[in-house]
Amino acid sequence: MSAATGAAGRALLLENIHPSAVEVLERAGYEVHQHPASMSEAELITALPGVTLLGIRSNTSVTSAVIEAAPDLQALGCFCIGTNQVDLAAAATAGIPVFNAPYSNSRSVVELVIGEIIALARRLTEKTQRMHEGIWDKSAKGSHEVRGRTLGIVGYGNIGTQLGTVAESLGMRVVFFDVADRPAHGTVRRLATLEELLNLSDVVSIHVDGRPGNAGMFGDAEFRQMRDGAVFINASRGMVVDDVALREHLLSGHLAGAALDVFPIEPKAQGDEFVSALRGLDNVILTPHVGASTQEAQEEIGEFVAGKLAGFVTDGNTGLCVNLPNAQAPRGDGCRLAVLHDNIPGVLAGMTQLLLGAGLNVSGQVVATRDHLGYGLTDLGERPAGEVIEKIAALDGARVVRLVG
C-alpha cells in the first residue's frame, strides 16, 4: 500500500521516440530526457530512480525486476502497438498503467505490406538489383499482377482488417484465419484452419501479436503447406517465424519471395550490424522494423501515447490502458482521488466512510474492475488532509492511493 501526490516530474523516452511526444510532455510540465537506443535491464534499473514516466518502443524489455527498482515510476508508454515487452502483471501490481498505440500506425503497416506484395509479385527486387549491376533484363517471366490472386491474412485484428480492405480494392481475393472470433469485412472469407489458408493463398501475410503461444508459429511444416510459388510476408513479430526454414524454402524455389520487417534478434541501436539467415537473397525484402516508421504514424503515436501518460498523472484516467481497469471521466472543479485496490468488497465503502467522516463532499465517481483489481476516480469538493489519504491507503485491499488534482 502506498500514498502519493501526483505532480509533473521527469520523463525518460528511449529508442528515438518522435519529438511530438516531447512537446506534449514538456507542455504538461515534465523534464524530458531522451536516449536514442534501447536499454538493458541493468541500464534501466540504474536510470529509472526519479523518473515519473517511461516511454519505450518494441526493443526495450521492462521486466518485474525493473519495475521493482523504479519506485518513482507512475506510468509507462509503449510507443508502438505491442506490449509483450513489458511485464504487464508486475506493472499492474505496482499500480503502473501501461499505454500503447493500437490504432495510430495501422495504415502505415498496411501500406508497407501492400507495397511489398506488388514488389514481390512483379519481382522488382531482382529487376532493380540487375539494373544496378548494369544488366538489362526485360522479361515478364515470373512477374504477375496482384489482381485475381489470393491473399491469406493470419491474424485479423486492426491491421489485418485494413489490409484486407485495401487488398480487395486492388482486385485480390482475401481470406483470413484467426483464433479469435472476428467478423469478416466486405467479401473477405474466414477459413476454419491455418492449413486451409496456406493451401489456398498466393500471398501469406502475418499479423499476430507477441503472446508467447505465437512463438515459432511458422516453421518448416507450415512453409511446406504453402503453395508452390507463393510469397510470404511478416510484419508482426520476429519470434513468429523460423527464418532458417524460410531460407531453405526460398532457395529450393518452393516459395517465390518473402518480405520481413521483424526478426527474432534485432540490433539495439542505429548502425549496429544486422545478422540474418535471409541476407543476400535477391527475392527477399528486408526492412529494419519500419512498418510504423512513417512521419505521420510516429507523430500521431507520439502525441497519443504521451497524452495518455500525462492524462493519467494529472487526471487519473486509464482509458485504453492495457493492464489496469479502464476508468475515465472529465475533470470538474476541486480535486480527484484515484484509488487502485483489490477487487474485494468493502474497499470503496471504507473509503466513502472516511471521506464522509472528514466532512468531504463526493461530487462524482467512476469505478471499474478488471480481473483481481478495481480502480476508482472520486471527485471531491475540496482537498482532503494528508491523514485522510493515509487512512484510505491503510484500508484492507487498498494498493495505491493518489491525489491527482
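Residues numbered from 1 in each chain as written. Predicted model: local features only at pLDDT ≥ 70, side-chain atom pairs only at ≥ 80, totals over all residues. Heavy atoms only, no water.

A.B. asks: It is not clear to me how the side chain of His18 should be interpreted in this structure. Could you clarify?
C.D. replies: Relative to the helices and strands, His18 resides in the loop between strand 2 (10-14) and helix 1 (19-27). There is a polar contact of 2.9 Å between the side chain of His18 and the backbone nitrogen of Ser20. Ignoring sequence-local partners within four residues, the contact set of His18 consists of Gln295, Gln298 and Glu299. (Helix = DSSP H or I, 4+ residues; strand = E, 2+ residues; numbered from the N terminus. Polar contact = N/O pair within 3.5 Å; in protein donor to acceptor, adjacent residues only side chain to side chain. Contact = heavy atoms within 4.5 Å.)

A.B. asks: Explain the environment of His289 to me, please; I cannot follow it from the model alone.
C.D. replies: Secondary-structure assignment places His289 in the loop between strand 13 (284-286) and helix 11 (295-315). Not counting residues within four places of it along the chain, the set of residues in contact with His289 comprises Ser58, Asp261, Val262 and Glu266. Among the polar contacts made by the side chain of His289, one reaches the side chain of Glu266 at a distance of 2.9 Å.

A.B. asks: Just checking my understanding: could you explain the confidence of the model for the protein chain for this structure?
C.D. replies: The predicted coordinates should not be examined in detail at positions where pLDDT is low. Within the protein chain, residue pLDDT values average 94, and 98% of them lie at 70 or more. In the predicted structure, residues 1-7 sits below a pLDDT of 50 and forms 24 contacts with residues beyond four places in sequence or in another chain. (pLDDT = per-residue confidence, 0-100.)

A.B. asks: Teacher, can you tell me more about the sheet that holds strand 7 (residues 150-154) here?
C.D. replies: Strand order in the open sheet made by the seven strands is 9-8-7-10-11-12-13, with parallel pairing throughout. Every interior strand has two partners, whereas the edge strands, strand 9 (189-190) and strand 13, have only one. Looking at chain direction, strand 7 and strand 10 (residues 203-206) are connected through four bridges and run parallel. Bridging from a neighbouring strand, Leu151 pairs with Val203 of strand 10. Strands in contact with helix 7 (residues 158-169) are strand 7, strand 8 (173-177) and strand 10; relative to strand 7, the strand with the most contacts, it is inclined by about 175°. (Pairing = 2+ DSSP bridges. Axes fitted to C-alpha atoms, helices over the stretch in contact; angles between N-to-C directions.)

A.B. asks: Would you mind going over the nonpolar core with me for this structure?
C.D. replies: Most often, soluble globular proteins have nonpolar side chains that are buried together. Leu13, Leu25, Tyr30, Leu53 and Phe79 are the most contacted members of the largest nonpolar core, which totals 33 residues. The set of elements that each furnish at least two residues to this core consists of strand 2, helix 1, helix 11, strand 14 (335-342) and strand 16 (373-380). Counting residues per element, this core draws most heavily on helix 11, at seven residues. Within the second largest apolar cluster, 27 residues are counted, among which are Leu191, Leu198, Phe223 and Phe232. (Core = buried A, V, L, I, M, F, W, Y, C linked by side-chain atoms within 4.5 Å. Buried < 20%, exposed > 50% of the residue type's maximum accessible area, 1.4 Å probe, protein only.)

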